[in-house]
Amino acid sequence: ANAILSWIPMLLVLGITEPPRVVERSKKRSEDLKAVVSTLLVRDSATRLVFLNLVVAGTAGLVMVWTHQKYWQDSGVPLAYFGVLYAAYNLAYGFAGKSAAIASARYGRRSLLTAVGVLPVIACVGMAALFGWAGIVLGLLGQISRGLGSVLFLNALNERTTSAFRATVISMAQLGTRAAFDTPAIKRRIAGCSGS
């Protein structure tokens, strides 16, 4: 059933067509890469901060997701409920992401960015202090932060990059997240949490 459901987005993508646009390509790909790196890391400090926050928040989110299983196990949650908890956490993440634009219009971007920074701290401290179901419920705050942050940071990045390089920039952010997550220090932490 999961394999069948996984193919649905693939089939839907086949019906999508990109709007026509004029793409001015450089003579060399190295010039394109230089322009992307200059845009991200040199030219504009706001773009650099958005990019780095996207990488750091993505890495922190992955670490949290991979450590939840050990936390739930140590909290005495039966294995049968792990799927339910993952579904609840992903619903919180999705709902927060879907609500980010409305919340940003109502409360302002600055307030939401503050929440993105504070909520994971409350989640982690709460999970450590209130071990068990109370900590698991507080763990939802980390997922809410991930949902809000991913939308806010991606929107900010989209606003600051041209359409010619936007997909490359987002791919570089994802690569940065995966590369940071794959560092030996994080691997040791994850292995310690999973008991392997």
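In this report, the structure presented in the accompanying data block is examined. (Residues numbered from 1 in each chain as written. Predicted model: local features only at pLDDT ≥ 70, side-chain atom pairs only at ≥ 80, totals over all residues. Heavy atoms only, no water.)

### What to know about helix α4 (residues 82-107)
Okay, step 1: At A100, α4 shows its largest bend, some 50°.
Okay, step 2: Of the positions making up α4, those classed as buried are F82, L85, Y89, A92, A96, G97, A100, A103 and S104.
Okay, step 3: Elements that come into contact with the buried residues of α4 comprise α3 (45-74), α5 (109-129) and α6 (133-160).
Okay, step 4: Count one or two residues on from α4 and you reach G108, which has phi positive near 95°. (Bend = angle between axes of the 7 residues up to and from the residue. Helix = DSSP H or I, 4+ residues; strand = E, 2+ residues; numbered from the N terminus. Buried < 20%, exposed > 50% of the residue type's maximum accessible area, 1.4 Å probe, protein only. Contact = heavy atoms within 4.5 Å.)

### Focus: the nonpolar core
Okay, step 1: Counting residues in hydrophobic clusters, the biggest one holds 18 residues, and the most contacted among them are L40, F51, L148 and L157.
Okay, step 2: With five residues, α6 is the single largest residue contributor to this core.
Okay, step 3: Those residues in contact with L148, other than ones at most four positions away along the chain, are A96, G97, A100, L112 and V116.
Okay, step 4: In this structure, Y71, W72, L85 and M127 belong to the second largest nonpolar core, which totals ten residues. (Core = buried A, V, L, I, M, F, W, Y, C linked by side-chain atoms within 4.5 Å.)

### Description of the layout of surface pockets
Okay, step 1: Of the voids in this model, the largest pocket is the one considered here, and its volume is about 410 Å³.
Okay, step 2: As for the largest pocket, its lining consists of 22 residues, and the residues nearest its centre are L54, A57, G58, R146 and S150.
Okay, step 3: For the lining of the largest pocket, the elements supplying multiple residues, two or more each, are α3, α5, α6 and α7 (166-181).
Okay, step 4: At eight residues, the largest contribution of residues to the lining of the largest pocket is made by α3.
Okay, step 5: A class-by-class count of the residues in the lining of the largest pocket yields eleven nonpolar, nine polar and two charged. (1 Å grid on protein atoms, 1.4 Å probe; cavity = no way out; pocket = protein on both sides within 12 Å on 5 of 7 lines; lining within 4 Å. Points joined across faces, edges and corners; volume = space filled by probe spheres on them. Nonpolar A, V, L, I, M, F, W, Y, C, P; charged D, E, K, R; others polar.)

Without other data, these values stay purely geometric and don't point to any function.
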